[in-house]
Amino acid sequence: MHKDIKEILFSKEVISKRVNELARMISLDYKNKNLFMVGVLKGCFMFISDLVKNVKLNLNIDFMMISSYDGKQSSGVVRILLDLKQSIEGKDVLIVEDIVDTGLTINYLVKNMKARKPASLEVCTLLNKPSCRKVRVKLKYVGFDIPNKFVVGYGLDYKEYYRNLPYIGVLKDEVI
Ligand code: 5GP
């Protein structure tokens with residue numbers, strides 16, 4: 001275990017099993033459809049790469065990069081740093097997020113995507129902190145509900161570090 005981690009919430013094996021379950025659900029729900037996945041960078045990079053390997057569909061993948069956090073605090077202001085390359089009009093779109101906390105970021109993204117007139121729009125998030133919600137959001141696929149703790153690893157960072165950890169863990173208080 002990394003020296004800055006005090007607790008592992010989900011091991012590599014547990015994450016892998018759950019991601020495969022999500023992939024199976026998505027494959028069933030979108031059977032006979034073309035799915036357009038929108039990964040939200042950077043946090044989603046490990047999750048989406050494991051997820052798509054097990055999604056048995058005709059799949060398009062595109063990415064957005066947004067910034068809503070500065071260190072550990074949600075600013076509530078979302079900036080699009082990188083936008084989609086393709087139009088999503090008339091397409092079945094699934095947004096793939098690393099974590100939904102206050103819900104402000106995904107709420108903004110859903111509104112932004114809806115304005116582009118997709119045929120359908122759903123959200124898949126690996127992690128969900130239901131107790132932190134400030135706005136209501138509809139999440140179709142959730143990997144794990146977690147308590148109000150700041151987590152890193154498996155794509156999630158603290159000040160751009162720890163994304164490469166293969167597990168999801170809680171940082172020691174003295175690190176933050
Ligand atoms: P929200 O707008 O829902 O409060 O926050 C969503 C974004 O905040 C996520 O995409 C993620 O980048 C960041 N975030 C929220 N909670 C955590 C956390 O516990 N750990 C890390 N590393 N990022 C978080």
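Residues numbered from 1 in each chain as written. Predicted model: local features only at pLDDT ≥ 70, side-chain atom pairs only at ≥ 80, totals over all residues. Heavy atoms only, no water.

Two side chains carrying opposite charge are able to pair once their charged atoms lie near each other. Within the structure shown, the criterion is met by 13 salt bridges. With a closest N to O distance of 2.7 Å, Arg18 and Glu21 form a salt bridge. Of this pair, Arg18 and Glu21 both sit in helix α1 (residues 12-29), separated by three residues, roughly a single helical turn. Taking relative accessible area as the criterion, Arg18 reaches 19% and is therefore assigned buried. A relative accessible area of 26% places Glu21 in the partly exposed class. By sharing partners, the salt bridges in this structure join Lys42, Asp157, Glu160 and Arg163 into a single network. (Salt bridge = Lys/Arg side-chain N within 4 Å of Asp/Glu carboxyl O. Helix = DSSP H or I, 4+ residues; strand = E, 2+ residues; numbered from the N terminus. Buried < 20%, exposed > 50% of the residue type's maximum accessible area, 1.4 Å probe, protein only.)

It is worth spelling out the sheet that holds strand β9 (residues 168-171) at this point. Think of a sheet as strands paired side by side through backbone hydrogen bonds, with each pair either parallel or antiparallel. Strand order across the open sheet formed by three strands is β1-β9-β8, with antiparallel pairing between neighbours. Edge positions in the open sheet fall to β1 (5-10) and β8 (151-152), since each of these has one partner strand only. (Pairing = 2+ DSSP bridges.)

Soluble globular proteins tend to pack their nonpolar side chains together in the buried interior. Ile26, Met37, Phe47, Leu51 and Leu127 are the most contacted members of the largest nonpolar core, which has 32 residues in total. Only α1, β2 (34-41), α2 (45-53), β5 (92-100), β6 (120-128), β7 (141-145) and β9 provide two or more residues apiece to this core. (Core = buried A, V, L, I, M, F, W, Y, C linked by side-chain atoms within 4.5 Å.)

All right, on to the site of the ligand then. In the vicinity of the ligand, 17 residues are found, and the nearest of them are Thr102, Thr105, Lys129, Val151 and Asp157. One of the side-chain nitrogen or oxygen atoms of Thr102 is found 2.5 Å away from an oxygen atom of the ligand. Take Thr105: an N or O atom from its side chain is 2.5 Å from an oxygen atom of the ligand. Counting residues per element, the ones that place at least two in the shell around the ligand are β5 and α3 (104-114). Top contributing element to the shell around the ligand by residue count: β5, with four residues. For the shell around the ligand, the residue count by class is seven nonpolar, four polar and six charged. (Near = heavy atom within 4 Å. Polar contact = N/O pair within 3.5 Å; in protein donor to acceptor, adjacent residues only side chain to side chain. Nonpolar A, V, L, I, M, F, W, Y, C, P; charged D, E, K, R; others polar.)

Applying the stated rule across the entire model yields two aromatic pairs. For the ring pair Phe10 and Phe144, a centre distance of 3.9 Å and an interplane angle of 20° mean the geometry is stacked. Remark: Phe144 occurs in strand β7 and Phe10 occurs in strand β1; sequence separation between them is 134 residues. There is no split in this pair, since Phe10 and Phe144 are both buried. (Phe/Tyr/Trp six-rings, centres within 6.5 Å; stacked < 30°, edge-to-face > 60°.)

In this section: the layout of surface pockets. If you add up the space inside the second largest pocket, you get close to 200 Å³. Every residue lining the second largest pocket is listed: Ile106, Asn107, Val110, Lys114, Leu121, Glu122, Val123, Arg136, Val137 and Lys138. Those elements that provide at least two residues to the lining of the second largest pocket are α3 and β6. Ranked by the residues each element gives to the lining of the second largest pocket, the list is headed by α3, at four residues. Here the residues of the lining of the second largest pocket are counted per class, giving five nonpolar, one polar and four charged. (1 Å grid on protein atoms, 1.4 Å probe; cavity = no way out; pocket = protein on both sides within 12 Å on 5 of 7 lines; lining within 4 Å. Points joined across faces, edges and corners; volume = space filled by probe spheres on them.)

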